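# What the coordinates show
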Amino acid sequence: ASDIPGDFDHVLYTEEQVASRIREVAAQIDADYAGREILMVGLLNGAVMTMADLCRAMTSHMSMDWMAVSSYGAGTKSSGVVRILKDLTKDIDGRDILIVEDIIDTGLTLSYLVQNLRSRNPNSIEVMAMFRKPEAVTCPLDVKYVGFDIPNEFVVGYGLDYADRYRNLTDVATLAPHVYKS
Ligand code: PRP
Ligand code: MN
Ligand code: MG
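Residues numbered from 1 in each chain as written. Chains lettered and ligands numbered in written order. Predicted model: local features only at pLDDT ≥ 70, side-chain atom pairs only at ≥ 80, totals over all residues. Heavy atoms only, no water.

## Things to note about helix H3 (residues 108-118)
Of all the 11 residues making up H3, eight are buried; the element is thus mostly covered by neighbouring parts of the structure. For H3, the complete set of buried residues consists of Leu108, Thr109, Leu110, Ser111, Leu113, Val114, Asn116 and Leu117. Structurally, H3 contributes buried residues whose contacts are with strand E2 (38-44), strand E3 (62-71), strand E4 (82-86), strand E5 (96-104) and strand E6 (124-132). (Buried < 20%, exposed > 50% of the residue type's maximum accessible area, 1.4 Å probe, protein only. Helix = DSSP H or I, 4+ residues; strand = E, 2+ residues; numbered from the N terminus. Contact = heavy atoms within 4.5 Å.)

What follows is the structure in structure tokens.
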């Protein structure tokens, strides 16, 4: 789905640009993890596209697991509390963990998650985020792999949603104001 008509303002990254950046990051990960087996942990739902493309662009041995989390509080991300809705199915003791995310906005979700997973005694833990909004980050954290740093605008596509829609847009685009102002 590359054209859900009328709902977008402008394209930030085309499908081709995203694919090309994924290949670069995959090559970097393969080089960094040479000879090691990675346990990639994706965060539902946003990371589905990034996970699917990134792991297929890699040549390293990998396995896959998923978590689902949500922020507590009055609907705001800044409440500071993250609740685990679906936990890992695998034991990560001694494993090399790569958390895969679609986007870092405030950084709250990942700060919590890295802390939580660290307490389970993995051998290593790193983060790959396809997008990051540097202007929005309030919980700074070490992110080893970033696809693109983007402006603090409402973007959708490639897993990123607005009200759960537009994840299937193959480009990454800003949302037209009429969509979220109506
Ligand atoms: C979005 C996004 C990240 C998180 C980033 O997920 O996919 O997981 O928010 O925000 P933060 O850096 O401010 O914590 P969301 O909770 O919307 O769920 P989704 O992945 O199902 O869209
Ligand atoms: Mn998410
Ligand atoms: Mg979302």
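Here the narrative resumes, following the displayed structure.
## Looking at the pairing of E6
Where burial is concerned, most of E6 is hidden: seven out of the nine residues are buried. Relative to E6, E5 runs parallel, the two sharing eight bridges. Across the sheet, residue isoleucine 103 finds its bridge partner in E6, namely phenylalanine 131. Between E5 and its parallel partner E6, the chain crosses via H3, and the hand of that crossover is right-handed. Examined bridge by bridge, E6 and strand E7 (residues 145-149) share four bridges and lie parallel to one another. Each residue of the ladder has a partner; that of arginine 132, found in E7, is aspartate 149. (Pairing = 2+ DSSP bridges. Right-handed = clockwise from strand over helix to strand, strands pointing away.)

## Describing the site of ligand 1
Around ligand 1, the structure places 15 residues, and the nearest of them are Glu101, Asp102, Thr106, Gly107 and Thr109. In this structure, an oxygen atom belonging to ligand 1 sits 2.4 Å away from a side-chain N or O atom of glutamate 101. At a separation of 2.5 Å, an oxygen atom of ligand 1 approaches a polar side-chain atom of threonine 106. Protein chains shield 82% of the accessible area of ligand 1, which is 490 Å² for the free molecule. Every element with two or more residues in the shell around ligand 1 is listed here: E5 and H3. A per-element tally of the shell around ligand 1 places E5 first, with four residues. (Near = heavy atom within 4 Å. Polar contact = N/O pair within 3.5 Å; in protein donor to acceptor, adjacent residues only side chain to side chain. Areas by Shrake-Rupley, 256 points an atom, 1.4 Å probe, with all protein chains shown as cover.)

## A few points about the sheet that holds E7
If you trace the six strands from one edge of the open sheet to the other, you get E4-E3-E2-E5-E6-E7, paired in mixed fashion. Edge positions in the sheet fall to E4 and E7, since each of these pairs with one other strand and no more. When strand polarity is set aside, the average angle formed by the axes of neighbouring strands in this sheet is 30°. Against the sheet, helix H1 (residues 15-32) touches E2, E5, E6 and E7, its axis set at about 160° to E7. Lying over the sheet, H3 contacts E2, E3, E4, E5 and E6, oriented at roughly 170° with respect to E5. (Axes fitted to C-alpha atoms, helices over the stretch in contact; angles between N-to-C directions.)

## Focus on the pattern of salt bridges
Note on pairing: side chains with opposite charge can pair once their charged atoms come close. Enumeration over the complete set of coordinates arrives at seven salt bridges. One salt bridge connects arginine 120 with aspartate 87, and the closest N-O pair in it is separated by 3.0 Å. Of the two residues, arginine 120 sits in the loop between H3 and E6 while aspartate 87 sits in the loop between E4 and E5, which places them 33 residues apart along the sequence. Residue classification places arginine 120 among the partly exposed positions, given a relative accessible area of 25%. The closest approach of N and O atoms between arginine 167 and aspartate 164, which form a salt bridge, is 2.6 Å. (Salt bridge = Lys/Arg side-chain N within 4 Å of Asp/Glu carboxyl O.)

## Side note on the sheet that holds strand E1 (residues 8-13)
Sheet architecture is open: three strands sit in the order E1-E9-E8, paired in antiparallel fashion. Each having just a single partner strand, E1 and strand E8 (155-156) make up the two edges of the open sheet. Bridge analysis of E8 against strand E9 (residues 172-175) gives two bridges, and the strand direction is antiparallel. Counterpart to valine 155 in the pairing with E9 is threonine 174.

## Details of the pairing of E9
As paired strands, E1 and E9 are joined by three bridges and run antiparallel to one another. Note that in E9 the partner of valine 11 across the bridge is alanine 173.

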